[in-house]
Amino acid sequence: MSPDPGSETTSVTSSGLFTRSATGLVRGVPPRASLIINMIPGHPTQTMAAVLLFALVVAPGGNPFLALLIVLPMTLAFAYSFGLLTQMIPRSGGDYMLVSRVIHPMVGYISVFCMTTAGLLSNAFFALAITTAGIAPLCSAVGLIGGYPGLVTFGSTVGTSKPWIIGLGLALFAVSAAIQLRGWRPLIRIQNILFGMVTAALLVCGVVALFQSQSSFAANFNKFAAKFTNDPNAYQTTISTAVKAGVNVHPAFSFSNTIPMVAVFATTAIFCYWASFVGGELRQASSTKTARNMALGGAIPLGIVALFILIFFHSYGSDFLRAAQGGGLPAGISAPGTPFFYLSSIGVGNVYYAIFVFILYMGFWPLIAYISSLQQTRAIFAMAFDGALPKSVTRVNSRGCPWLALVISMVLSAIVFIYAVVNQTGFFQILVYATLVQLIAMGLVGLAGILVPKLRPELYRASTSQKTIAGIPLVSIAGVGALLTTIFVWWAYLHYDSLGTNSNMTKLLVWTVGPAVLGAVFFLGVRMVKGADADAIYKEIPPE
Amino acid sequence: MGLFGPRKGVESSAGMTLYFASDIHGSDQCWRKFLGAGKHYGADAVIMGGDLTGKAIVPIEQAPDGSFRTTFMGEVRAGKTEQQLDELMAAIRFNGMYPWLASTAELELTRDDAELRTRLFDKVIVDELKGWMDLADDRMPRYGIDVFVGLGNDDPGSCDSVVNGAGHVTAVNDRIVRVGPHEMISIAYANPTPWDSPRELPEDELYDRIHALAEQVENPATAIFNLHAPPYDTGLDTANEMNEDLTLKYIGGSPHPIPVGSTAVRQIIEEYQPLLSLHGHIHESRGAVRIGRTMAINTGSEYNSGHIYGAVIQLTETEVLRERLLVG
C-alpha cells in the first residue's frame, strides 16, 4: 500500500498570493504582448491606408480628426465589453466563450459562426492583398523611384496574374502557420519583430514628413515625375487633373460627410479585443490589465493616425492627397495600395530609403495573417472542448500536428481565397459584408456585457470587472456602446452607397444573417444528435 | 420533478438517479450548487468526485481600526466597512481561493515562513471544508438525498478527517460504500502530474491501490468505480501538452492536446468492467464513453465561472439507462 498524501510545497506570488502545490497552468502571454496583439488588427497602417485611399475621396468635407474622435468611444466600447467579460471568463475562444457563458450556448454558436465567417473572408483578403497591396506596389514603387522598368513591369505582372496571386497568398498562409509552429515565447518574439518592423516603417515615414516642408516635397515630387511625364510641375497637374475630374480638393467641412468617414474608420479601428481569443492563455487574465490593454490597443493607434494625418496634410498638402487618391496622379507613376510609403519615398527621392521602408512594411502581412487565424483556431478548440465538435479535430498526428483543425481552417480559407482571386469584383462586394457579419458577433458580446450583472451576478461581483459609473456597471455601459456602434455601422453601410454594400439585399442577408442562422441550426443539430434537452442542460442550479 | 419526464417514474421504481460532479476547487458557489443539484434534477443521491480544495490563499491585511487592504487578481482592494469586507471575501471564495484576515505582523511572518504557510493552508482548508460539510449535514437530510464525497489528487491529507467526521455526508475515499444497490469504490490518487500534487502515485502503485479495493467488491458488474483520474486515451483525459516550465506547448499555431489519463485506471476498468466509472481531474475533457460495458464519465470543470459541470445518470441495478452532461 502506498503512503499517505504527500506534504505540500507552498510559495508566495509577486502579488502576495499564497499558493500550494496543486494542478494549474502557467499562462504564456504576458500583458505587454497582449497589448500588441490588440493593436495589430487596427494597426495604424491599415487606418492610414483607409484614410488616404478611401475616406478622403468617399467623404469629401468629412473631418478625419472629428471622425477619429467619434470612433474613439466606439472602440473603447468594444474594448471594455470584451475586456471586462474576458476578465470574468478568462478562457480562450473570444466571443464564443463570452456569449455562450453569459447569455446562452445557442447565442454563442450564432456569434462564433458570424465571427468565423468574417475571419475566413478576412484571411482571404489578406492573402489577396499581400500581392495587390504589398508585393506588387513594392516592386512598382521601387522600380519607379530607382529607375528599374523591369521591376515596374514585374510588379504589374504579379499584381494581375492569378497564378502569382494564388501562389503568394497560399505562401502567406503557410508562413503564418509556420510562425505559430512553436510556443508562445518564440511566437511573441516573431510577433514583436514584425510589429516593430511595420510600426517603424510608419514612424520613419512620419518623422521624415514632419521635417519636410510642402515645397520641398513638391519639388522632389516634380523632379521624380518629370522623368515619366515631362511635366515640370506634376504636383500642380495632379491637383488640377483631379479637379477637372470632379474631385473637390478643398471641400468645406461637412458633418454629414464626416459620418461615412466614421464608418470607414470603424471598419479598421474597432477590433482591439483580439487578446480575448486567447483569454485562457493570457497571464493575469482576470486582472484589470486585460480590459486596459484592449482600451490602449484601440486608443493608441487612433492617436497615431490622428498625428500622422496632421503631419501628412502639412507636408504633402491635403489638396494634393485628395487629388492623388481621386485619380489625379499621372498614369505613369501611380502605384496604388501603399500611398504613404510611396509618397514618402518620392519625397526623399532615394531608392534605398524606398526599399528600406517597403521591406519594413512587408512585415505587416504575415503579422495580420497570423492574428486573423487566431480566431478560427481558438474557436475550433473551444467548440471541441465543449463537445460541439468531435474531439478528433483537436487530435494530433504522430508528428504532433493538429492536422484536422489546421486542414479545416486552411481549406476553408483557401476556398474563399481562390474565389476571391477568380472573382475579385464579387469578392470585394462580399468583403464589405465581413465587417457587418463580424459586427453581429461583436454586438452580441455587447449584449452579454449589458446582461452579465443581471444574468451572472455572482460571476460579476466576484470579478475585477465590477466597476461602476454613476452606479451603472461599466461593462453594461460599454455593452450599450457596443450595441449602438453595431447599429450605427450597419446603418451607415446600408445608407451610404459609396461604402459598397451594393444594395443587394439578398447577398447581404446570405452573408450576414445566413451565418447566424447556421449557428443556431448547428446548436440545435448538436443537441439533437446528442439526444439531450437543451433547456435542461444549461438551466442554472439554485445554490443551497 | 425529474429531468426526463415520464420515463422517470417507471425507471426510478426499478433503479435510481445520481448526480455526479467533480473538481470544484474551493468554489463555495459550486459546492452550494452541488448540494442543490439533487433537488433540481430529482436525484436520489449526489456524488462528489474530489478536488474540493482551493489552490491559493489571498491574505488580507487588516489594521487595528478594522480597515483592510489586499491585492486580488492584480487589483488593490481596500475598505473599512464590514460589508466591503464581506463582499471581498465572497469574491475570493467564488474564485476558489481562501481569504485570510491577518495583521501586518502576522502576514509578514507567514509570508517568509514556508512551514507557517503550510499550516495556514491546512487550517483554512479544514475550516472551509468543515463549513461545507456542516451545510450538507444541515440541509440534505430534510430532502432525503444521500451525499457521497470523495477526494482528489489536489486535496491534502487534512481533508480526510473532515469528510470522515461529517454526519449525513458519506466519506467514500479508499473504501467501499453502498449507493442504493450498487457498491462504489473511490480512489483520490492520480497518476503523476507535472505539479507534484498531494495525491499522486506511479501507475503500477496506483493500479495496486485500486486493485486492492476492487478485489473486495462482491459484484463488479453492478458496481460504480469513482476514480478521480480518468482512464488513459479515452477522450476523457485530453489536456493540452505542457513544456517543462508548465507553459502550454503549441504546435501548428494551437495548443497541443494529448491524452494524460491513467493507464492503471483504464486497465482496472477493462479488467473489472464495472457498471459505471466516474472521473474528474482533467477539467477540459468532459465526456461520456463506453469502455466495454462500462459507462465512463468525466464531467469536466469550470469552477471559477460559478457554473458546476455535472452529470445526471439514471441506472438500474445492471444497466446505465441514460447519462446527461449538464451545466448548472
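Owing to the predicted nature of the structure, the values given are computational and were not obtained by experimental measurement. (Residues numbered from 1 in each chain as written. Chains lettered and ligands numbered in written order. Predicted model: local features only at pLDDT ≥ 70, side-chain atom pairs only at ≥ 80, totals over all residues. Heavy atoms only, no water.)

**Section: the overall build of chain B**
- Per the secondary structure count, chain B includes eight helices and 20 strands.
- Taken over the C-alpha trace, chain B has a radius of gyration of 21 Å; the compact-globule value for 328 residues is 20 Å, and the two agree within 12%.
- Expressed as lengths along the three principal axes of its C-alpha atoms, the size of chain B is roughly 65 × 50 × 40 Å.
- Looking at chain B alone, contacts between residues at least 24 apart form 67% of all its contacts between residues at least 6 apart.
- Accessible area for chain B stands at about 11500 Å²; split by element, carbon and sulfur atoms hold 48% of it.
- Side-chain charges of chain B comprise 28 positive and 48 negative groups, with the mean position of each set lying 7 Å from the other. (Helix = DSSP H or I, 4+ residues; strand = E, 2+ residues; numbered from the N terminus. Rg over C-alpha atoms; globule rule 2.2 N^0.38 Å. Contact = heavy atoms within 4.5 Å. Areas by Shrake-Rupley, 256 points an atom, 1.4 Å probe, with all protein chains shown as cover. Lys, Arg positive; Asp, Glu negative; His and termini not counted. Charge placed at Lys NZ, Arg CZ, Asp CG, Glu CD.)

**So, the interface of chain B and chain A**
- The interface of chain B with chain A comprises 89 residues on the first partner and 67 residues on the second.
- If you sort the residues of chain B by the area they bury against chain A, M73, W195 and Y250 of chain B come out on top, with a joint share of 10%.
- Here chain B and chain A share five salt bridges between them.
- Here K467 of chain A ties to E75 of chain B by a salt bridge, and the two come within 2.1 Å at their closest N and O atoms.
- On the surface where chain B and chain A come into contact, there are eleven residue pairs in polar contact (both at pLDDT 80 or more).
- Considered class by class, the residues forming the side of chain B that touches chain A number 38 nonpolar, 29 polar and 22 charged.
- Summarising the sheet, strand 2 (residues 18–20) of chain A and strand 3 (residues 56–62) of chain B pair through two bridges and their orientation is antiparallel. Its bridge partner lying in strand 3 of chain B, T19 of chain A is registered against A56 of chain B. (Buried area = accessible area lost by both parts, 1.4 Å probe. Salt bridge = Lys/Arg side-chain N within 4 Å of Asp/Glu carboxyl O. Polar contact = N/O pair within 3.5 Å; in protein donor to acceptor, adjacent residues only side chain to side chain. Nonpolar A, V, L, I, M, F, W, Y, C, P; charged D, E, K, R; others polar. Pairing = 2+ DSSP bridges.)

**Focus on the side chain of Q87 of chain A**
Residues and elements named next belong to chain A.
- Take Q87: it is sitting in helix 3 (residues 64–88).
- What makes Q87 buried here is its relative accessible area of 2%.
- In this structure Q87 touches A285, S286, S287, T288, K289, T290, A291, T464 and S465, once residues within four positions along its chain are discounted. (Buried < 20%, exposed > 50% of the residue type's maximum accessible area, 1.4 Å probe, protein only.)

**Let's talk about unusual backbone geometry**
- A positive phi angle, near 50 degrees, is found at M73 of chain B, a position not held by glycine.
- Phi is positive for D196 of chain B, close to 55 degrees, though the residue is something other than glycine.

**Quick notes on the sheet that holds strand 19 (residues 309–315) of chain B**
Residues and elements named next belong to chain B.
- With respect to topology, six strands assemble into an open sheet ordered 8-7-2-1-19-20, the strand pairing being mixed. Taken across any chain shown, the strands that pair with only one partner, and hence form the sheet edges, are strand 8 (169–171) and strand 20 (320–327). Averaged over all adjacent pairs, the angle separating strand axes in this sheet is 20 degrees, with direction ignored.
- In the sheet, strand 7 (residues 146–149) pairs with strand 8 via three bridges, with the strands oriented parallel. Bridging across to strand 8, V147 finds its partner in V169.
- On top of the sheet, helix 5 (residues 114–143) reaches strand 2 (45–48), strand 7 and strand 8; it is set at about 130 degrees to strand 8, its chief contact. (Axes fitted to C-alpha atoms, helices over the stretch in contact; angles between N-to-C directions.)

**Notes on the pattern of salt bridges**
- Scanning all chains against the criterion turns up 18 salt bridges over all chains.
- Measuring nitrogen to oxygen at the nearest pair gives 3.1 Å for the salt bridge that ties E128 of chain B to R93 of chain B. Of the two residues, E128 of chain B is situated in helix 5 and R93 of chain B in helix 3 (residues 82–94); the sequence distance between them amounts to 35 residues.
- Assessed through its relative accessible area of 26%, R93 of chain B is described here as partly exposed.
- Salt bridges sharing common partners tie together E544 of chain A together with K39, D138, R139 and R142 of chain B.

**Things to note about the packing of helix 8 (residues 184–210) of chain A against helix 16 (residues 364–385) of chain A**
All names here are of chain A.
- Two elements in contact, helix 8 and helix 16, have axes whose closest approach is 8 Å; the angle formed by their N-to-C orientations is 135 degrees. Judged by the inter-axis angle, helix 8 sits oblique to helix 16. The interaxial crossing formed by helix 8 with helix 16 has left-handed handedness. Between helix 8 and helix 16, the contacting residues are W184, L187, Q191, L194, F195 and V198 on the first element and F364, P366, L367, Y370, L374 and R378 on the second.
- When its residues are assigned to classes, the contact of helix 8 with helix 16 shows ten nonpolar, one polar and one charged. (Parallel < 35°, antiparallel > 145°, perpendicular 65-115°, else oblique. Left-handed = near helix turned anticlockwise from the far one by under 90°.)

**A look at the packing of helix 6 (residues 149–160) of chain A against helix 7 (residues 162–178) of chain A**
Residues and elements named next belong to chain A.
- Following both chains from N to C, one finds helix 6 and helix 7 inclined at 80 degrees, their axes separated by 5 Å at the closest point. Between helix 6 and helix 7, the crossing angle belongs to the class labelled roughly perpendicular. Taking contact as the criterion, the partners of F154, V158, G159 and T160 in helix 6 are, on helix 7, K162, W164, I165 and L168.
- Among the residues making up the contact of helix 6 with helix 7, the classes are represented as five nonpolar, two polar and one charged.

**Comments concerning a nonpolar patch on the surface**
- A contiguous nonpolar patch, built from L509, V513, V517 and V521 of chain A and spanning about 320 Å² of accessible area, is present on the exposed surface.
- Secondary-structure assignment places V521 of chain A in helix 21 (residues 505–530). (Patch = residues over 30% accessible without salt bridge, like charges linked within 9 Å, V, L, I, M, F, W, Y side chains within 5 Å.)

**Digging into the sheet that holds strand 11 (residues 224–227) of chain B**
Residue and element names in this part refer to chain B.
- If you walk across this open sheet you meet the six strands as 9-10-11-16-18-17, and the pairing is mixed. Looking at strand neighbours, the two that pair on one side only are strand 9 (176–179) and strand 17 (287–291), the edges of this open sheet. For this sheet, the mean inter-axis angle between neighbouring strands, taken without regard to orientation, is 25 degrees.
- Here strand 11 pairs with strand 16 (residues 276–279) via three bridges, running parallel. Counted as the bridge partner of N226 is L278 from strand 16.
- Of the strands in this sheet, strand 9, strand 10 (182–187) and strand 11 touch helix 7 (residues 203–214), which is tilted by about 155 degrees from strand 10.

**Some thoughts on the nonpolar core**
- Counting residues in each nonpolar core, the largest one holds 181 residues, and the members touching the most others are W184, F221, Y273, F312, F320 and W365 of chain A.
- Of all the elements, helix 5 (residues 105–146) of chain A adds the most residues to this core, at 18 residues.
- Once residues lying within four places of it in the same chain are set aside, the contact partners of F221 of chain A are A234, Y235, T238, F320, L329, I333 and I346 of chain A.
- Ranked by size, the runner-up nonpolar core spans 45 residues in total, among them V46, L120, M140 and V149 of chain B. (Core = buried A, V, L, I, M, F, W, Y, C linked by side-chain atoms within 4.5 Å.)

**Concerning the pairing of strand 7 of chain B**
All names here are of chain B.
- For strand 2 and strand 7, the ladder comprises four bridges, and the chain directions are parallel. Across the sheet, the residue bridging to V46 is V147, located in strand 7.
- Handedness of the crossover joining strand 7 and strand 8 through helix 6 (residues 158–164) is recorded here as right-handed. (Right-handed = clockwise from strand over helix to strand, strands pointing away.)

**Topic: the environment of A45 of chain B**
Residue and element names in this part refer to chain B.
- Summarising the element assignment, A45 is placed in strand 2.
- By relative accessible area, which is 1% here, A45 ends up buried.
- Sequence-distant contacts of A45, defined by excluding residues within four places in its chain, comprise M16, T17, L18, Y19, I145, D146, F148 and V179.

**Here's the deal with the packing of aromatic side chains**
Residue and element names in this part refer to chain A.
- Counting across every chain of the model gives 39 aromatic pairs over all chains.
- Between F224 and Y342, the ring centres sit 6.4 Å apart and the planes meet at 85 degrees, which makes this aromatic pair edge-to-face. Remark: Y342 occurs in helix 14 (residues 339–348) and F224 occurs in helix 9 (residues 214–229); sequence separation between them is 118 residues. Each member of the pair, F224 together with Y342, is buried.
- Plain terms: the ring middles of F364 and W365 are 5.1 Å apart, the flat faces sit at 80 degrees to each other, and that makes the pair edge-to-face. Across the pair, W365 and F364 agree in class, each one buried. (Phe/Tyr/Trp six-rings, centres within 6.5 Å; stacked < 30°, edge-to-face > 60°.)

**Examining the environment of L107 of chain B**
- Among the structural elements, L107 of chain B can be located in helix 4 (residues 104–111).
- Owing to a relative accessible area of 5%, L107 of chain B belongs among the buried residues under this scheme.
- Put simply, L107 of chain B and S27 of chain B are 80 residues apart on the chain and 24 Å apart in space, counted from C-alpha to C-alpha.
- Those residues in contact with L107 of chain B that lie beyond four places of it in its chain are F18 of chain A together with P59, I60, E61, W100 and A102 of chain B.

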